[in-house]
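Chain by chain, the residues run as shown.
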Amino acid sequence: MFELIRTLRIDAHAGGAVGEAAVPADHPMFADHFPGVPLLPGSFLLELAAQAAGPLCEEVTALRFGLERGAVLAMVRRAVFLRPCFLPATVRLTAHVRHADSARMIAAVVAAVGDAIVLRAELVMAMIDVPPEWSRVLEGRHERLARWNSAT
Amino acid sequence: MTEPAALNVVVDMIRDTLSLSGREGEKVSSDTLLFYHLAFTSMDLLDLLFRVEQHFDIAIPDGTLYGLARGEMPDAEFATDSVLSAAGKARLMALLNDTPAELFPERIHAASLPRFCTVGAIARLVDARLAAREPCSS
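Please read all numbers here as calculations on a predicted model, not as lab measurements. (Residues numbered from 1 in each chain as written. Chains lettered and ligands numbered in written order. Predicted model: local features only at pLDDT ≥ 70, side-chain atom pairs only at ≥ 80, totals over all residues.)

Description of the overall build of chain B
And step 1. Helices and strands together make up the secondary structure of chain B, namely six helices and two strands.
And step 2. Across chain B, helices and strands are ordered from the amino to the carboxyl terminus as α-α-α-α-β-β-α-α.
And step 3. Radius of gyration (C-alpha) of chain B: 15 Å, near the 14 Å computed for a compact globule of 138 residues.
And step 4. In terms of its C-alpha atoms, chain B occupies a principal-axis envelope of roughly 40 × 40 × 20 Å.
And step 5. Among the 138 residues that make up chain B, the fraction classed as buried is 31%.
And step 6. Excluding contacts between residues fewer than 6 apart, the proportion of contacts in chain B whose partners are at least 24 apart in sequence is 60%. (Helix = DSSP H or I, 4+ residues; strand = E, 2+ residues; numbered from the N terminus. Rg over C-alpha atoms; globule rule 2.2 N^0.38 Å. Buried ≥ 20, exposed ≤ 12 C-beta atoms within 10 Å, placed from the backbone. Contact = placed C-beta atoms within 7 Å.)

Things to note about the confidence of the model for chain B
All names here are of chain B.
And step 1. Averaged over chain B, the pLDDT score is 90; the fraction of residues at 70 or greater is 93%.
And step 2. Per-element confidence in chain B ranges from a low mean pLDDT of 90 for helix 2 (residues 42-56) to a high of 97 for helix 5 (residues 86-95).
And step 3. Across the interfaces of the predicted complex, the ipTM metric reaches 0.70, alongside a pTM of 0.82. (pLDDT = per-residue confidence, 0-100.)

A short note on unusual backbone geometry
And step 1. Across the junction of His33 of chain A and Phe34 of chain A, the peptide omega takes the value -5°, indicating a cis bond.
And step 2. Tracing the chain through its elements places Phe34 of chain A in the loop between strand 2 (16-23) and helix 1 (42-65).
And step 3. Even without being glycine, Asp57 of chain B reaches a positive phi, approximately 55°.
And step 4. In this structure, Asp57 of chain B sits in the loop between helix 2 and helix 3 (64-70).
And step 5. Asp57 of chain B sits in the exposed class, given 9 other C-beta atoms within 10 Å.
And step 6. The backbone of Asp81 of chain B sits at a positive phi, close to 50°, despite the residue not being glycine.
And step 7. Since 9 C-beta atoms lie within 10 Å of it, Asp81 of chain B is described here as exposed.

What about the pairing of strand 2 of chain A?
All names here are of chain A.
And step 1. Going residue by residue along strand 2, you find Ala17, Gly19, Ala21 and Val23 tucked away on one face and Gly16, Val18, Glu20 and Ala22 left uncovered on the opposite face.
And step 2. The loop that links strand 1 (residues 5-11) with its antiparallel partner strand 2 comprises four residues; one of these, Gly15, has a positive phi angle of about 70°.
And step 3. By the bridge criterion, eight bridges tie strand 2 to strand 4 (residues 89-100) in an arrangement that is antiparallel. Following the sheet pairing, Val23 is matched in strand 4 by Ala89. (Pairing = 2+ DSSP bridges.)

Thoughts on the pairing of strand 1 of chain A
And step 1. Pairing of strand 1 of chain A with strand 2 of chain A involves six bridges; the strand directions are antiparallel. Residue pairing across strands places Leu8 of chain A opposite Gly19 of chain A, the latter belonging to strand 2 of chain A.

Focus: the environment of Ala151 of chain A
Residue and element names in this part refer to chain A.
And step 1. Tracing the chain through its elements places Ala151 in the segment after helix 2 (135-150).
And step 2. In this structure Ala151 comes out as partly exposed when scored by C-beta crowding, with 13 C-beta atoms within 10 Å.
And step 3. Distance from Ala151 to Arg9, taken between C-alpha atoms, is 9.6 Å for residues 142 residues apart in sequence.
And step 4. Ignoring sequence-local partners within four residues, the contact set of Ala151 consists of Arg6 and Thr7.

Brief notes about the sheet that holds strand 2 of chain A
Residues and elements named next belong to chain A.
And step 1. Strand order in the open sheet made by the six strands is 1-2-4-5-6-3, with antiparallel pairing throughout. At either end of the open sheet lies a strand with only one pairing partner, and these are strand 1 and strand 3 (69-81). Adjacent strand axes in the sheet meet at a mean angle of 20°, parallel and antiparallel pairs treated alike.
And step 2. Relative to strand 6 (residues 116-129), strand 3 runs antiparallel, the two sharing eleven bridges. Across the sheet, residue Arg69 finds its bridge partner in strand 6, namely Asp129.
And step 3. On top of the sheet, helix 1 reaches strand 1, strand 2, strand 3, strand 4, strand 5 (104-113) and strand 6; it is set at about 50° to strand 6, its chief contact. (Axes fitted to C-alpha atoms, helices over the stretch in contact; angles between N-to-C directions.)

Details of the interface of chain A and chain B
And step 1. Contacts between the two partners involve 19 residues from chain A, matched on the other side by 20 residues from chain B.
And step 2. Within the residue set of the side of chain A that touches chain B, elements represented by two or more residues are helix 1, strand 3, strand 6 and helix 2 of chain A.
And step 3. Class assignment for the residues of the side of chain A that touches chain B results in 14 nonpolar, one polar and four charged. (Nonpolar A, V, L, I, M, F, W, Y, C, P; charged D, E, K, R; others polar.)

Okay, structure coming up:
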């Protein structure tokens, strides 16, 4: 499964989050990208950005609007890949909410490896209703966020 | 009608995905929901669809599910600002008829449609693509 985030700390009041993802060189999903020169595909980098921005947007929605909604990446509004992300790498993700309403959020995300920024992106997250029947998914999300928040 | 072969291949591919995180023993069947039961991420789904495309030599472009659910209905009737209308939701539920009705929220964003897919729905998608590729012989 594609779950590479190790830590994520969310400050909903400030509308920001900081996290880290550990990306190995031998993950089967990008085994052919490229043989002998493992490089994180841009789409995966955007997914990591969305995995940091999503929970942030959910927490901000809960705080500002009192709604428990799920964040789904609706659009990549802007993405600038500044450097290749060679693997293995520890990717530091910083996300900030730029625009918030109860149905849609825009988050700016910066991904960096060491001191080098590899991605700047703006993601539009659709905030979707989560019926009570999806409670097992919510429980999984809460468990994951607790794990990411408590990891050192 | 879904060919068992398509379903079996899709199930095997999903088992491969699960094995990446040591979940080899997990039950996967036609009515298993990818995001609900298996906690798929969108990247897991994308990876699965890439492998399905490669294996069956078909294309499943972004928006395929949206297009299948919409059918001949005008886009403006199907969704407004990317949120499905009541008629649009009914069409989606008819397409994904093996997903329990109570799992569809009142407000469904177009970007979230794959979240309601079962394994069987993916196999049916493969069948639809294969059928579109091969003209019927009489």
